[in-house]
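Each chain, written out:
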Amino acid sequence: MKKLAFALVCVASLAFFASCVKEGQPTIQVLNQEGYVQNGATVEMNEQVDFGFVVASSAITNKELTSLVVDIDGAQWANVDLTGKTEYTYTDYVTYEPDREIIGTSVITAIVTDAAGQTATATITLNLNEEQPLIGSTFEWVRDGSHFISEEDMRAVGLTWPSNSKAEAYVNIKPLTGCSMYIIEDGDEFDEIATLSDKEAFFADLRENGTTADVYRGISAWDDETAYNSMLAVIDAAGEKHLVHFTYATVKNGNYGTKITISGELK
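Summary of the structure given here. (Residues numbered from 1 in each chain as written. Predicted model: local features only at pLDDT ≥ 70, side-chain atom pairs only at ≥ 80, totals over all residues. Heavy atoms only, no water.)

1. Topic: the pairing of strand 15 (residues 241-253)
Now for step 1: Judged from the eight bridges that link them, strand 14 (residues 226-235) and strand 15 form a sheet pairing that is antiparallel. Bridging from a neighbouring strand, M231 pairs with H245 of strand 15.
Now for step 2: With antiparallel pairing between neighbouring strands as the criterion, strand 14 and strand 15 make up a hairpin whose turn holds five residues, including G239 at a positive phi of roughly 90 degrees.
Now for step 3: With nine bridges joining them, strand 15 and strand 16 (residues 258-266) adopt antiparallel strand pairing. Note on strand 16: the bridge partner recorded for N253 is T258.
Now for step 4: Where strand 15 folds back on strand 16, the antiparallel hairpin that results is connected by four residues, among which G257 adopts a positive phi of roughly 140 degrees. (Pairing = 2+ DSSP bridges. Helix = DSSP H or I, 4+ residues; strand = E, 2+ residues; numbered from the N terminus.)

Structure below.
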């Protein structure tokens, strides 16, 4: 009987201890909503990636939340004050640049903390598609005598067109101050440069083995309705890289002199 009584006392003591120490963590999960990335997804470079987390107080302790800290690849991204809240939905976005130090993957980590000091963690591991396809665009540059109609468009890729005269027999296209220009006679290479890594490798080879040019004179200022297949590679003053593929040109009498229209593609 003494042994039984002692056992009952122990059980009662354990019950009292358990009732005094309430255990329970807040909850956190990845936001599962259309448009928001999920764990294990593959994402493209230079594209906006929307992500989110849903947090709530522990159902056991019901302690209010205090903070949500979000890290991306070990660096703090956000620190949200949740004082007074028992639930919260956090949304944000990130865009991965090609020159980031960590290659291949990215880990987004979120830690929620409540007033009792309890924490919970959720992570999103993303696979980064380094082989981002290059999306090209078309252009049409025009100069009508002394009127440089496409000046702004050309400056955007580090080029200028200072003169336009039949007496010179050709168009003069030059790099802007602080820009580097390379002439590539075979325009077929434009289509072969299909991804961002292709483009980076192409420019790296130009820097090592290529020769910069001060002027491009590959387009006639006389011949009308002419097809071309040459290319310029330009590094502008900000370090941005541009590929300019010339495909066609027309030479007409304009309102202010000779009107030349150059067409092609950009990457």
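2. Some thoughts on the layout of surface pockets
Now for step 1: Here the largest pocket is characterised by a volume of approximately 260 Å³.
Now for step 2: Around the largest pocket sit 15 residues that line it, and P133, L134, I135, K199 and K267 are the ones nearest its centre.
Now for step 3: Tallied by class, residues from the lining of the largest pocket come to five nonpolar, four polar and six charged.
Now for step 4: Estimated volume of the second largest pocket: approximately 220 Å³.
Now for step 5: Forming the walls of the second largest pocket are E97, P98, D99, L196, K199, E200, G239, E240 and K241.
Now for step 6: Of the residues forming the lining of the second largest pocket, the biggest block, three residues, is contributed by helix 4 (residues 196-209).
Now for step 7: Across the lining of the second largest pocket, the residue classes tally to two nonpolar, one polar and six charged. (1 Å grid on protein atoms, 1.4 Å probe; cavity = no way out; pocket = protein on both sides within 12 Å on 5 of 7 lines; lining within 4 Å. Points joined across faces, edges and corners; volume = space filled by probe spheres on them. Nonpolar A, V, L, I, M, F, W, Y, C, P; charged D, E, K, R; others polar.)

3. Some remarks on the sheet that holds strand 4 (residues 65-72)
Now for step 1: Spatial ordering of the open sheet is given by 2-8-7-4-5, a layout of five strands whose pairing is mixed. Since the sheet does not close on itself, it has two edges, and those belong to strand 2 (42-44) and strand 5 (75-85), each with one partner. On average, adjacent strands in this sheet sit at an angle of 25 degrees to one another, irrespective of strand direction.
Now for step 2: Bridging between strand 4 and strand 5 involves seven bridges; their strand directions are antiparallel. From the neighbouring strand, V70 faces strand 5, where its bridge partner is A78. (Axes fitted to C-alpha atoms, helices over the stretch in contact; angles between N-to-C directions.)

4. Regarding the nonpolar core
Now for step 1: Counting residues in each nonpolar core, the largest one holds 27 residues, and the members touching the most others are I28, F51, F53, L68, Y96 and I108.
Now for step 2: Secondary-structure elements contributing two or more residues to this core are strand 1 (27-30), strand 3 (48-56), strand 4, strand 5, strand 6 (87-95), strand 7 (105-114) and strand 8 (119-129).
Now for step 3: It is strand 8 that provides the largest number of residues to this core, a total of five residues.
Now for step 4: Ignoring anything within four residues of it in the chain, the contact list for F53 reads I28, Q29, V30, L31, Y88, T89, Y90, I108, A110, A122 and I124.
Now for step 5: Counting 24 residues, the second-largest nonpolar core is a separate cluster that includes Y216, A221, Y228 and L266. (Core = buried A, V, L, I, M, F, W, Y, C linked by side-chain atoms within 4.5 Å. Buried < 20%, exposed > 50% of the residue type's maximum accessible area, 1.4 Å probe, protein only. Contact = heavy atoms within 4.5 Å.)

5. Some remarks on unusual backbone geometry
Trans is the common state for peptide bonds, and a negative phi is the common state for residues other than glycine.
Now for step 1: A positive phi angle, near 55 degrees, is found at N62, a position not held by glycine.
Now for step 2: Mapped onto the elements, N62 comes out in the loop between strand 3 and strand 4.
Now for step 3: In the Ramachandran plot, D73 falls in the positive-phi region, its phi being about 55 degrees despite a non-glycine side chain.
Now for step 4: Position of D73 among the secondary structure elements: in the loop between strand 4 and strand 5.

6. As for the pattern of salt bridges
Now for step 1: Counting across every chain of the model gives three salt bridges.
Now for step 2: Salt-bridge contacts for E200 lead to K241; the nearest nitrogen and oxygen are separated by 3.6 Å. Separated by 41 residues along the polypeptide, E200 in helix 4 and K241 in strand 15 bring together distant segments of the chain.
Now for step 3: Since its relative accessible area comes to 36%, E200 is described here as partly exposed.
Now for step 4: Judged by its relative accessible area of 17%, K241 falls in the buried class.
Now for step 5: Across the pair K252 and E225 runs a salt bridge, and its minimum N-O distance is 3.3 Å. With K252 in strand 15 and E225 in the loop between helix 4 and strand 14, this residue pair connects regions lying 27 residues apart in the sequence. (Salt bridge = Lys/Arg side-chain N within 4 Å of Asp/Glu carboxyl O.)

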